[in-house]
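Examining the three-dimensional arrangement
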Amino acid sequence: MSKAASRTASTARRSVTRTSDSPLCRVLAALIALASPFQAFAQSMQADQELEDLIPDSAVQNPDGWALDTDAARTGAPPASVIEEVEADAPMPDLPGMTIPWPDGSDLPPIEPLSPDPDIDVAEQATDAAVNALPGQEEADAPANVRLADADVRRVGKQVELAFPVGAEAIADQGAITERFAGLSSLKSFDDDEDNLAQIVRRARTDRELLAEIMRVHGYYDAQIYQSLGGLGDAAEGDGSAPIDVEKVVVRYDIQPGPQYHFGKLAFGDLAASGPDYDLLRGAFELKTGDAINSDKVAAEREDLRTALGENGYAFAKVGDPDLLIDHERREGDLTLPVTPGGVYRFGRIVSSREKFLSSHHLQRIARFDPGERFKRSEVDDLRQAILATGLVSSVTVEARKTAEPADGQPGDVDIDVALTPAPVRTIAGLVGYSSGEGFRVEAQWEHRNFFPPEGMLRLRGVAGTQEQLAGVTFRRNNFLTRDLVLNADLYARNQKSDAYQARTLSLTAGIERQTTLLFQKPWVFSAGLEAVATSERDAAAILAGEPRKTYFVGALPMRAAYDGSDSLLDPTRGFRVGLRLSPELSVQDGVKSTYGKVQLDASYYQPFGESVVMAGRVRLGTITGTDIENIAPSRRFYAGGGGSVRGYGYQQIGPRDTLGEPSGGRALTEFSLEARVKTGLFGGAVSVVPFVDAGAVDTSTTPKFDDLKIGVGVGLRYQTNFGPIRIDVGTPLNPSKGDSRIGVYVALGQAF
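Residues numbered from 1 in each chain as written. Predicted model: local features only at pLDDT ≥ 70, side-chain atom pairs only at ≥ 80, totals over all residues. Heavy atoms only, no water.

**So, the overall build of the protein chain**
- Counting secondary structure elements, the protein chain contains 16 helices and 29 strands.
- Expressed as a percentage of the 753 residues in the protein chain, the buried residues total 37%.
- Partitioning the intrachain contacts of the protein chain with sequence separation of at least 6 by distance along the chain shows that 59% fall at a separation of at least 24. (Helix = DSSP H or I, 4+ residues; strand = E, 2+ residues; numbered from the N terminus. Buried < 20%, exposed > 50% of the residue type's maximum accessible area, 1.4 Å probe, protein only. Contact = heavy atoms within 4.5 Å.)

**Overview of the sheet that holds strand E1 (residues 151-156)**
- Ordered by their spatial adjacency, four strands build an open sheet running E1-E2-E4-E3, and the pairing between neighbours is mixed. Only two strands of the sheet have a single neighbouring strand rather than two, namely E1 and strand E3 (224-230). Each strand of the sheet is rotated relative to its neighbour by a mean of 25°, with strand direction disregarded.
- Here E1 runs beside strand E2 (residues 160-165); their pairing, made up of six bridges, is antiparallel. Across the sheet, Val156 pairs through a bridge with Val160, a residue of E2.
- Against the sheet, helix H11 (residues 197-217) contacts E2, E3 and strand E4 (250-256), and its axis sits at roughly 155° relative to E3. (Pairing = 2+ DSSP bridges. Axes fitted to C-alpha atoms, helices over the stretch in contact; angles between N-to-C directions.)

**Focus on helix H9 (residues 174-184)**
- Of all the positions in H9, only Gln174, Ile177, Thr178 and Phe181 are classed as buried. The arc that holds every buried residue of H9, seen down its axis, measures 95°, which confines them to one face. Exposed residues pointing more than 90 degrees away from the buried face of H9 are listed as Glu179 and Gly183.
- As for H9, its buried residues are in contact with E1, E2, H11 and E4. (Arc of directions from axis to C-beta.)

**What about unusual backbone geometry?**
- Across the junction of Pro453 and Pro454, the peptide omega takes the value -5°, indicating a cis bond.
- Of note, the phi angle at Asp590 is positive, near 55°, even though the residue is not glycine.
- Along the chain, the position of Asp590 falls in the loop between strand E22 (575-589) and strand E23 (592-609).
- Notably, Phe683 is not glycine yet its phi reads approximately 50°, a positive angle.
- Here Phe683 is to be found in the loop between strand E25 (668-679) and strand E26 (687-699).

**With respect to the packing of aromatic side chains**
- This structure, assessed with the given rule, holds 12 aromatic pairs.
- Where Tyr501 meets Tyr639, the ring centres are 5.7 Å apart and the plane angle is 40°; that geometry is what we call tilted. With Tyr501 in strand E18 (residues 501-514) and Tyr639 in the loop between strand E24 (613-625) and E25, this residue pair connects regions lying 138 residues apart in the sequence.
- Residue class for Tyr501 comes out buried when judged on its relative accessible area of 4%.
- Pairwise contacts between aromatic rings join Phe347, Phe369 and Phe375 into one cluster.
- Seen from the ring of Phe692, Arg647 lies directly overhead, with NZ or CZ sitting 3.9 Å from the centre. (Phe/Tyr/Trp six-rings, centres within 6.5 Å; stacked < 30°, edge-to-face > 60°. Lys NZ or Arg CZ within 6 Å of the ring centre and 35° of its normal.)

**Overview of a nonpolar patch on the surface**
- On the surface, a cluster of nonpolar side chains totalling about 860 Å² of accessible area is made up of Leu682, Phe683, Leu717, Tyr719, Phe723, Ile726, Ile728, Val747 and Leu749.
- Position of Val747 among the secondary structure elements: in strand E29 (residues 744-749).
- The partly exposed category is assigned to Val747, whose relative accessible area is 36%. (Patch = residues over 30% accessible without salt bridge, like charges linked within 9 Å, V, L, I, M, F, W, Y side chains within 5 Å. Areas by Shrake-Rupley, 256 points an atom, 1.4 Å probe, with all protein chains shown as cover. Salt bridge = Lys/Arg side-chain N within 4 Å of Asp/Glu carboxyl O.)

**As for the sheet that holds strand E10 (residues 345-352)**
- An order of E10-E12-E11 is seen for the three strands of this open sheet, with the pairing classed as mixed. The open sheet has two edge strands with one neighbour each: E10 and strand E11 (393-404). Across the sheet, the mean angle from the axis of one strand to that of its neighbour is 25°, orientation sign disregarded.

**Details of the pattern of salt bridges**
- The final tally for this structure, using the stated rule, is 43 salt bridges.
- Across the salt bridge formed by Asp327 and Arg330, the nearest N and O atoms sit 3.0 Å from each other.
- In this structure, the salt-bridge partner of Arg459 is Glu447, at a minimum N-O distance of 3.0 Å. Residue Arg459 is found in strand E15 (residues 456-465), and its partner Glu447 is found in strand E14 (residues 439-448); the two are separated by 12 residues along the sequence.

**Thoughts on the side chain of Ser587**
- In this fold, Ser587 is placed in strand E22.
- Note on Ser587: relative accessible area 1%, which makes it buried.
- Not counting the four nearest positions on each side in its chain, Ser587 is found in contact with Tyr552, Phe553, Val554, Val592, Lys593, Ser594, Tyr596 and Asn631.

**Notes on the confidence of the model for the protein chain**
- With 79% of its residues at a pLDDT of 70 or more, the protein chain shows a mean pLDDT of 83.
- In this model residues 133-144 is a low-confidence stretch, pLDDT under 50, and it forms 16 contacts with partners more than four residues away in sequence or in other chains.
- Here residues 234-238 is a poorly scored stretch, pLDDT under 50, and it has six contacts once near neighbours within four places are set aside; other chains count. (pLDDT = per-residue confidence, 0-100.)

**Topic: the environment of Gln364**
- Looking at the element boundaries, Gln364 is found in helix H14 (residues 360-366).
- In this structure, the C-alpha to C-alpha distance between Gln364 and Ile416, residues 52 residues apart in sequence, is 10.0 Å.

**Thoughts on the packing of H9 against H11**
- Running from amino to carboxyl end, H9 crosses H11 at an angle of 140°, the nearest separation of the two axes being 10 Å. Relative to H11, the crossing made by H9 is right-handed. Side by side, H9 and H11 meet where Ile177, Arg180, Phe181 and Leu184 of the first sit next to Asp207, Leu210, Leu211, Ile214, Met215 and Val217 of the second.
- Per-class residue counts for the contact of H9 with H11 are eight nonpolar, no polar and two charged. (Left-handed = near helix turned anticlockwise from the far one by under 90°. Nonpolar A, V, L, I, M, F, W, Y, C, P; charged D, E, K, R; others polar.)

Have a look at this one:
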């Protein structure tokens, strides 16, 4: 055997070994062998036994003879008459060795039609709109004369007009219709874009459908809206070659309202099951038969009915979606509102999910309801808001859980389950400030708002500044004994150094107060407490003379009451505030006891003028009566001047001065302020300019005098943030005293008052 034959035989053997053992594969192998040239003959003599059994040597040596020596060759083909016609859709017989099922055409999924290409669709719409918008083209459904001869035309944006009929056909709700259309109109939303005529007309068609829907909301189910274009210029006169200025194009809608439909029958499901409460609850839904249909009012009255159910003990009441059936023949709509009252319930227990964090007992103290009272949904919502106001939770869920069904005319019971997710309770905060009178001031504090559960806060604070250094610790328990009552205790040591005096003070105060918060801004607040002070001080004259400090021991009963009628704690724009402080005090210095009373009145008023200007005014009056000024520690006297007093003057630089020209404080205080807070529109309206004028005086007498008023004027900037405005004020004195600076700069957080 040649080398070529050997290589071929080797390849053939490998091929046979890899071939499947099925009969079909064997037949194919035989056909390949028959069709091979002489070299294949050489290899067949050395073939595997498996191939030898399938194709004997006689078939290789004489293929033609071997093929004729078969039953099929000897019998011959049957005549065509005996061959049955094969049905075209007859299933094929199973093939030996074939395990994969034939596909069944009936199982094929239906072919989904292709979605239209959006670009092509938009292009076709734009083309149609452009053609219809050409001068001389009219809406196919519009009669020859659709413009109202006498109409109340209202402009909406730059390119839209709504024409309402007048006289007997006038629409009472046209103001509300115009306002709603203006808020949803595509033409108005995009009136600043550079659109072509096709885009304008396409949006006009969309707005016409919107206007028709709004008319149906107000009960005009037969309204006709006719659309026309104005401002086409020369093209409107037939000059098709003249360009169209799209900025001058105005889309006008002439509205022919037709009759307004009214309510027919009103059905309220099972509301009658409420028994004696039916009249009260039905009265909450104020629409009645014969009223003009208004879908917005239906939604509002549905919410009022839901509220009335929740406020009158129906803890599990359900109010379904309204169904309005319009009868065009009667020109009425029958309204069905499915209501399931569900029975009356009363409050049971409050159950906290975290007893060690905020106990059920403490939550009951916060709640405005007691067990046994009739259920009110608003009080459940109030409890949720009050828990959030503690600042101790990031989320809270308050749900009513049924514990007893109503029976024998008695209400059922519901417990209130409160699920709490604690928020971070530790905070580190800092504050940096500067004024030309007080210098720099840096304050830092650390606090844990639930160090003594529940709601027992511990705060450590420190101050480092040009004129003040302080270290202190504060304890506060919110919602003490009852809702919104706060227990305070504060201990601090402070060193103060100013032109008026120097003082080293140790102070302990304790008291209770009713506190206002950002979530619950309360009109009335008050506080009362005890204060014990030990202070070593000397005034400006003693400082310059090198005299030793005097030690004062002061005991006081500070009290405060205030009313807040403003609209914001941090940035009020309307309303007023008034507060009164009263502090009876006992002072002991070198064995000499002195008693006196300190009174201070503060009032402020805020009045907006338009949307961008707020005028704000402030007055402060104070007096100390009962003893001579020498018996009052310098730190307890009145002073004026500075960023929170009279801007333009240095800190505590207004008032009586000693022989060396240094402030010595007084027993009477007078301050006035007036400023205009003007929004500029810069940075999204965050920046405001504030021109101001301040005036103030301090006198040694117990009653204020006005002949020695110091006046300061200036201008400030406010930058609004989500935690209040940042304030920068620059002021100058109009009638300065000797030694007063010509410019005062003040930086702080929040408005000046």
